[in-house]
Amino acid sequence: MAGDSRIDPWSSQQSTDYERIRDNFGLSDIELSKIPNPSLLHRRGIIFAHRDLDTILERIKLGAEFGVLTGLMPSGKMHLGHSMVINQVKWFQDQGGDVTVTVADLEALATRNVSLEEGRKIAISEYINNYAAMGLDPDKTNVYFQSRRPEVQRLGFTLGQKTNLSEFESIYGFSGETNLAHVQAPLVQAGDIVHPQLDKFGGLRPIVVPVGVDQDPHIRLTRGLVGKTNWFNVKKRKSGGLTISLSVQEENKSVMGVSPNGGINRDVRIQLIEKIKSCLAKIGFADLIPNPKHGTIEIPGATSFDIGKIKLSLLALERKIGGMGLMPPSSTYHRFVVGMTGDKMSSSKPETTIFMHDSIEQMSRKVRRAFSGGQATVEEHRRLGGDLSKDVAYQYLQYFFEDSDEELESIGRDYESGRILAGEIKQICIDRAAEWLTDLSEKRNQWTDQITDFLSKDSE
Ligand code: TRP
């Protein structure tokens, strides 16, 4: 969304100071060693931060269900910048995730004046067709439209009860002049992110949302809102072990054993504690210290490694007794790749990026004019070598077009040592990008007639 975050991830990009962005966002570093079968994305440092990814990696390791959610704004044309998220989505799908794709047609209508009809056309021909060509599996991918899925909008409203304008001001920098469409869109987006956990859309399971770091405000908002809906909290106990505590809310007072006058209904409270105890027994925790009056259960023998499975079983219980039982979404953040002119990549400036539908000629022209890390003269270049950290052609090979690590390394070495010239590395980039575009366009054509395989039933 435009203008909804006060932190501009692009501004730090020139210095490639990702540690600083990460710290600004309060993000933890990704632990590469934990990722099984490291993919190109991780090896090349494309993903640089995450929230709660461990939850997902654990599911991958166990072969357990998890979902992946991504969203697209149906306006403009799909370009290389957008493809980074889809590469991640594909990676998670290959690891066993089921994929949900949001077409943010309400958001495009509200914030960019794109009609629903137009949004639909753009989504299918510009985006979904390319997602198909990039290898998403139609049997495990579900595309839906915000405007056609009332459950998402309903969830947006429900979660909206847990926030207020002050929070929106502090997260997004909204003020009195802010258009209300910009206030509604993040709530619908929270609905998008959470709804795959509803029973109708796959049920309770962790969901990962791979995004560019500009979308992190939405992730933080959603995680906060979900936390506020939860009926049970699990925390570390000072003396070791864990403590479960009840979160009494307006809508769960009677279930929690709180009477209208604020007093505690002992019988109801004890019944509830018994239910929690039997959940815990099923996953192997029998030694418990319940305190019905305070609404806590201590588990001295549990450790922080048990938090995940304890939370999951409590969420299942919450659902049974009338709560929503939602997990906070996990997320990964990919780098912003420099635009071809050395500035930011932007769909409104075609010379800064390569569109999925660009012809080989259009692409070649842009690469030839791209920002280069070469030296001013051939003599200097041979002596000093090229600068990989500035060179667009090299970085595009690294992030998009060259799959082989050995090839990439050898090109990098030759360029840095001055053996190959700026024009030559651009030619290598053009050759690889041409293969990539040709392959993409062939695959797109194969999918054109079957693109409905990706659409959910409610999108008609
Ligand atoms: N706000 C996103 C954008 O500007 C689009 C979007 C809507 C989205 N819902 C989403 C992205 C859910 C990720 C997850 O592009």
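That block above? That's the structure.
Residues numbered from 1 in each chain as written. Predicted model: local features only at pLDDT ≥ 70, side-chain atom pairs only at ≥ 80, totals over all residues. Heavy atoms only, no water.

### Looking at unusual backbone geometry
Working note: non-glycine residues mostly have negative phi, and peptide bonds are mostly trans.
Then, in step 1: In the Ramachandran plot, D52 falls in the positive-phi region, its phi being about 55° despite a non-glycine side chain.
Then, in step 2: Here D52 shows up in the loop between β1 (47–51) and α3 (53–62).
Then, in step 3: Even without being a glycine, N113 presents a positive backbone phi close to 65°.
Then, in step 4: By the secondary structure assignment, N113 is in the loop between α5 (105–112) and α6 (116–133). (Helix = DSSP H or I, 4+ residues; strand = E, 2+ residues; numbered from the N terminus.)

### Comments concerning the environment of Q184
Then, in step 1: With respect to the helices and strands, Q184 occurs in helix α9 (residues 180–194).
Then, in step 2: Since its relative accessible area comes to 51%, Q184 is described here as exposed.
Then, in step 3: Remark: the alpha-carbon pair of Q184 and Q153, spanning 31 residues in sequence, is separated by 9.9 Å. (Buried < 20%, exposed > 50% of the residue type's maximum accessible area, 1.4 Å probe, protein only.)

### Considering the pattern of salt bridges
Then, in step 1: Enumeration according to the criterion identifies 24 salt bridges in this entry.
Then, in step 2: In this structure, D216 and R51 form a salt bridge, with 2.9 Å as the shortest nitrogen-oxygen distance. Of this pair, D216 sits in helix α10 (residues 216–229) while R51 is found in strand β1, placing the two residues 165 residues apart along the sequence.
Then, in step 3: Here D216 falls in the buried class, since its relative accessible area comes to 0%. (Salt bridge = Lys/Arg side-chain N within 4 Å of Asp/Glu carboxyl O.)

### Notes on helix α4 (residues 80–94)
Then, in step 1: Given a rise of 1.5 Å per residue, 15 residues ought to cover 21 Å, and the 21 Å separating the end C-alpha atoms of α4 matches this to within 8%.
Then, in step 2: Burial analysis of α4 places 11 of its 15 residues in the buried class, which makes it a mostly covered element.
Then, in step 3: Along α4, the positions that sit buried rather than exposed are L80, G81, S83, M84, V85, I86, Q88, V89, W91, F92 and Q93.
Then, in step 4: Residue G96 follows α4 closely and has a positive phi angle near 115°. (Expected span 1.5 Å × (residues − 1).)

### Brief notes about the pairing of strand β4 (residues 141–145)
Then, in step 1: The element β4 is largely enclosed, with a buried count of 4 among its 5 residues.
Then, in step 2: Bridging between strand β3 (residues 98–103) and β4 involves 5 bridges; their strand directions are parallel. Of the residues in β4, the one forming a bridge with V101 is V143. (Pairing = 2+ DSSP bridges.)

### Examining the packing of aromatic side chains
Then, in step 1: Counting across every chain of the model gives 9 aromatic pairs.
Then, in step 2: Measuring from centroid to centroid gives 5.2 Å for Y172 and F174, while their planes differ by 20°, and the two rings are stacked.
Then, in step 3: When the ring of F400 is compared with that of F401, the centres are 5.9 Å apart and the planes differ by 50°; the resulting orientation is tilted. In this structure, F400 and F401 share a single accessibility class: buried.
Then, in step 4: One aromatic cluster in this structure is built from Y396, F400, F401 and W436.
Then, in step 5: The ring of F355 carries the charged tip of K77 above its face, separated from the ring centre by 4.4 Å.
Then, in step 6: Over the face of the ring belonging to F145 we find R120, whose NZ or CZ atom lies 4.7 Å from the ring centre. (Phe/Tyr/Trp six-rings, centres within 6.5 Å; stacked < 30°, edge-to-face > 60°. Lys NZ or Arg CZ within 6 Å of the ring centre and 35° of its normal.)

### Some remarks on the layout of surface pockets
Then, in step 1: One number sums up the size of the second largest pocket: a volume of about 1,100 Å³.
Then, in step 2: Lining the second largest pocket are 33 residues, with D52, T55, I307, G308 and K309 positioned closest to its centre.
Then, in step 3: Going through the elements one at a time, α3, α10, β6 (232–236) and α12 (307–320) are the ones with two or more residues in the lining of the second largest pocket.
Then, in step 4: Top element by residues in the lining of the second largest pocket is α12. It accounts for 8 residues.
Then, in step 5: Counted by class, the lining of the second largest pocket contains 13 nonpolar, 9 polar and 11 charged residues. (1 Å grid on protein atoms, 1.4 Å probe; cavity = no way out; pocket = protein on both sides within 12 Å on 5 of 7 lines; lining within 4 Å. Points joined across faces, edges and corners; volume = space filled by probe spheres on them. Nonpolar A, V, L, I, M, F, W, Y, C, P; charged D, E, K, R; others polar.)

### Let's talk about the sheet that holds strand β10 (residues 330–334)
Then, in step 1: The strand order across the open sheet built from 6 strands is β1-β10-β5-β2-β3-β4, with neighbouring strands paired in mixed fashion. The strands lining the two open edges of the sheet, one partner per strand, are β1 and β4. When strand polarity is set aside, the average angle formed by the axes of neighbouring strands in this sheet is 25°.
Then, in step 2: Running at roughly 160° to strand β5 (residues 207–212), α4 makes contact with β1, β2 (67–72), β3, β4, β5 and β10 of the sheet. (Axes fitted to C-alpha atoms, helices over the stretch in contact; angles between N-to-C directions. Contact = heavy atoms within 4.5 Å.)

### With respect to the pairing of strand β9 (residues 296–299)
Then, in step 1: Pairing between strand β7 (residues 242–246) and β9: 4 bridges, direction antiparallel. Each residue of the ladder has a partner; that of T243, found in β9, is E298.
Then, in step 2: Summarising the sheet, strand β8 (residues 289–291) and β9 pair through 3 bridges and their orientation is antiparallel. Its bridge partner lying in β9, N291 is registered against T296.
Then, in step 3: The hairpin turn running from β8 into β9, its antiparallel successor, is 4 residues long, and G295 in that turn takes a positive phi close to 70°.

### As for the environment of K162
Then, in step 1: Relative to the assigned elements, K162 resides in the loop between α7 (150–160) and α8 (165–172).
Then, in step 2: Leaving out residues up to four positions away in the same chain, K162 has contacts with E167, L225, K228, T229, Q249 and E251.
Then, in step 3: A polar side-chain atom of K162 sits 2.9 Å from a polar atom in the side chain of E251. (Polar contact = N/O pair within 3.5 Å; in protein donor to acceptor, adjacent residues only side chain to side chain.)

### Structural notes on the sheet that holds β6
Then, in step 1: The 4 strands lie next to each other as β6-β7-β9-β8, forming an open sheet whose pairing is antiparallel. Both outer strands of the open sheet, β6 and β8, are each paired with one neighbouring strand and no more. On average, adjacent strands in this sheet sit at an angle of 15° to one another, irrespective of strand direction.
Then, in step 2: Packing of α12 onto the sheet brings it into contact with β6, β7 and β9, and relative to β6 it is tilted by some 165°.

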